[in-house]
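# An overview of the molecular structure
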Amino acid sequence: MTTPIGEGTTTVAPELPHRVLVLNSGSSSVKYQLLDMRDRSRLAVGLVERIGEETSRLTHTLLEGGGAEPRERTGRIADHEEALKAAAEELAADGLGLDSPELAAIGHRVVHGGLRFTEPTVITDEVLAEIERLVPVAPLHNPANITGIRTAQALRPDLPQVAVFDTAFHTTMPESAARYAIDIETADAHRIRRYGFHGTSHAYVSRRTAELLGRPREELSLVVLHLGNGASASAVAGGRCVDTSMGLTPLEGLVMGTRSGDIDPAVTFHLMRVAGMSADEIDVLLNKKSGLVGLCGDNDMREIRRRVDEGDERAALAFDIYIHRLKKYIGAYSAVLGRVDAVVFTAGVGENSAPVREAAIAGLEELGLAVDADLNAVRSGEPRLISPNYARVAVAVVPTDEELEIAGQTFALVGQVDN
Ligand code: ADP
């Protein structure tokens, strides 16, 4: 197992390359961060949005040396290659160009690594071909990741490029959790099984939680709730994932911003037969028009809470359904783990929404869970406990940092660490 340089001290000889560029290439966006792995600080961050449209926008912020105001470029950025070149120009303008000898590697977020990629992996032609082979199980994500990798390779062919997979952390799931109960030959022929996603976040947050609790992660059983626009829960025993709520695709599990999460699979054939919908239309319905947005028209939890406080019934129903599903997974994973040391909230909603945390834990006293109202109300970017002293199980808020985790795993693989 590669030891990520997420925390602790890292000694890198000053003359060795020590920067890592992290790239997260989506279908119409590229997010990037340049980190200095000597102190894990962020030197610059940026986002290219609406690639391929007339209204593309690049926002770049220099953070090194106290930082600077964000810079913006607007106007059409045709494709990922142009996006990455524009980002590279912005970095160069800050003296952080990709041609710098200080750059050690580029770390790419890759959504689907199938069963083969259980660790961060240096990208070779063969590795790239395998990521391409996984496109049928990740049609929305892997193609954009592949484009990002090819473009970065063209810009710096000599530099190590590392793939860090969203699925990797979940490859430790036992078959009993990973398999669907469907015809086994059909499942195997089409690689249908539960892979899970958000693994980089679940891995990072599990490790940070062990630090917060001051206990070795080998001893801990955790329920981690990653609640962003996409949302997933995982059961983590001894630092290894034993179950997670997302499946073959990120559609399964919790109620999300625009995704339904768990439904009876028969809903899909019912819609085909009764409503005459095509597979593609149902795909869009369940992935883009369902979840919170489908229930009440909003997917931002701040807006939903504002509406609930004003007495809006649709928003209240959406909130209740969201919380009900969360509770089910907390209960299910408590049973899967047998004993829980902490329930941990992370990502946009988990880190920021005190009402979601309060409602999700309310009534779970029999499971040893409780939230202290004052601690829950604290706003902070630091990992923290929100359970009262008497509670048998800790409840924690631990901010996630997927980019730092990707950079740490990338650098651990290729960096020349001088200990
Ligand atoms: P993703 O990476 O999946 O796009 P994030 O983890 O950034 O998502 O989470 C985004 C979501 O977090 C928003 O859609 C919103 O619902 C929620 N969120 C962000 N800030 C707050 C806040 N202050 N209070 C409640 N919810 C918030």
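Structure: above.
An account of the accompanying structure is given in this report. (Residues numbered from 1 in each chain as written. Predicted model: local features only at pLDDT ≥ 70, side-chain atom pairs only at ≥ 80, totals over all residues. Heavy atoms only, no water.)

### A short note on the sheet that holds strand β2 (residues 30-36)
Spatially, 8 strands are ordered β5-β4-β3-β2-β1-β6-β8-β7 in an open sheet, and the strand pairing comes out mixed. Both edges of this open sheet fall to β5 (71-74) and β7 (121-122), since each of them pairs with a single strand only. Bridge analysis of strand β1 (residues 19-25) against β2 gives 7 bridges, and the strand direction is antiparallel. Looking at β2, one finds that R19 is bridged to D36. The strands touched by helix α15 (residues 402-414) are β1, β2, β3 (41-49), β6 (103-110), β7 and β8 (161-165); relative to β6, the strand with the most contacts, the crossing angle is about 125°. (Pairing = 2+ DSSP bridges. Helix = DSSP H or I, 4+ residues; strand = E, 2+ residues; numbered from the N terminus. Contact = heavy atoms within 4.5 Å. Axes fitted to C-alpha atoms, helices over the stretch in contact; angles between N-to-C directions.)

### Structural notes on the site of the ligand
Every one of the 13 residues lining the ligand counts as a neighbour, but N229, M301, R302, G348 and N352 are closest to it. The side chain of R302 places a nitrogen or oxygen atom 3.5 Å from a nitrogen atom of the ligand. In the model, an oxygen atom of the ligand is placed 2.9 Å from a nitrogen or oxygen of the G348 main chain. Protein burial of the ligand: of its 580 Å² of free accessible surface, 67% is covered by the chains. Looking at the shell around the ligand, the elements that each hand over two or more residues are α10 (301-309) and α12 (347-352). It is α12 that contributes the most residues to the shell around the ligand, 4 residues altogether. By residue class, the composition of the shell around the ligand is 3 nonpolar, 7 polar and 3 charged. (Near = heavy atom within 4 Å. Polar contact = N/O pair within 3.5 Å; in protein donor to acceptor, adjacent residues only side chain to side chain. Areas by Shrake-Rupley, 256 points an atom, 1.4 Å probe, with all protein chains shown as cover. Nonpolar A, V, L, I, M, F, W, Y, C, P; charged D, E, K, R; others polar.)

### Section: the pairing of strand β4 (residues 57-62)
Across 6 bridges, the pairing between β3 and β4 is antiparallel. Within β4, the residue paired with G46 across the bridge is H60. Inspection of the sheet shows β4 paired to β5 by 4 bridges, in the antiparallel sense. Residue pairing in the sheet places L58 in a bridge with R73 of β5.

### As for unusual backbone geometry
Even without a glycine there, the phi angle at R40 is positive, about 55°. When you line up the elements, R40 lands in the loop between β2 and β3. Residues other than glycine seldom take positive phi values, yet H198 does so here, at roughly 60°. For H198, the location among the structural elements is in the loop between α5 (184-189) and α6 (199-213).

### Description of the packing of aromatic side chains
The geometry of an aromatic ring pair is captured by the separation of the ring centres together with the interplanar angle, meaning the angle of the planes. Tallying each qualifying case throughout the model produces 2 aromatic pairs. Aromatic pair F117 and F165: ring centres 4.5 Å apart, planes at 5°, arrangement stacked. Residue F117 is found in the loop between β6 and β7, and its partner F165 is found in strand β8; the two are separated by 48 residues along the sequence. Note on F117: relative accessible area 2%, which makes it buried. When its relative accessible area of 2% is taken as the criterion, F165 is described as buried. When the ring of Y329 is compared with that of Y333, the centres are 5.6 Å apart and the planes differ by 80°; the resulting orientation is edge-to-face. Taken as a pair, Y329 and Y333 lie in helix α11 (residues 313-337) at a separation of 4 residues, close to a single helical turn. Both residues of the pair, Y329 and Y333, count as buried. Taking the ring centre of F319 as reference, the NZ or CZ of R305 above it sits at 4.6 Å. (Phe/Tyr/Trp six-rings, centres within 6.5 Å; stacked < 30°, edge-to-face > 60°. Buried < 20%, exposed > 50% of the residue type's maximum accessible area, 1.4 Å probe, protein only. Lys NZ or Arg CZ within 6 Å of the ring centre and 35° of its normal.)

### Things to note about the sheet that holds strand β10 (residues 231-237)
One open sheet accounts for 6 strands, arranged β11-β10-β9-β12-β14-β13; its pairing is mixed. With partners counted over all chains shown, the strands left at the sheet margins are β11 (240-244) and β13 (384-385), one partner each. In the sheet, strand β9 (residues 221-227) pairs with strand β12 (residues 342-346) via 5 bridges, with the strands oriented parallel. Residue V224 lies in a different strand from β12, and its bridge partner there is V344. Strands in contact with α6 are β9, β10, β12, β13 and β14 (394-397); relative to β9, the strand with the most contacts, it is inclined by about 130°.

### Some details on the pairing of β8
For a regular strand, side chains alternate in direction, first toward one face of the sheet and then toward the other. With respect to burial, β8 is a largely interior element, 5 of its 5 residues being buried. Residues of β8 alternate between two faces, with Q161, A163 and F165 on one and V162 and V164 on the opposite face, all of them buried. Of the strand pairs in this sheet, β6 and β8 are connected by 5 bridges, and their pairing is parallel. The partner of V110 across the bridge, within β8, is F165. Both β7 and β8 contribute to a ladder of 2 bridges, which runs antiparallel. Bridge pairing in β8 places T121 opposite A163.

### Section: the packing of helix α7 (residues 266-275) against helix α8 (residues 279-288)
Packing of α7 against α8 brings their axes to within 10 Å, and their N-to-C directions diverge by 130°. Relative to α8, the element α7 lies oblique. The handedness of the crossing between α7 and α8 is right-handed. Facing α7, whose interface residues are T268, L271 and M272, α8 presents A279, I282, L285 and L286. Looking at the contact of α7 with α8 residue by residue, the classes come out as 6 nonpolar, 1 polar and no charged. (Parallel < 35°, antiparallel > 145°, perpendicular 65-115°, else oblique. Left-handed = near helix turned anticlockwise from the far one by under 90°.)

### Here we look at the side chain of S100
Take S100: it is sitting in the loop between α1 (80-93) and β6. Of note is the side chain of S100, whose polar atom sits 3.5 Å from the side chain of R19. If near-sequence neighbours (up to four positions away) are discounted, S100 is found in contact with R19 and R156.

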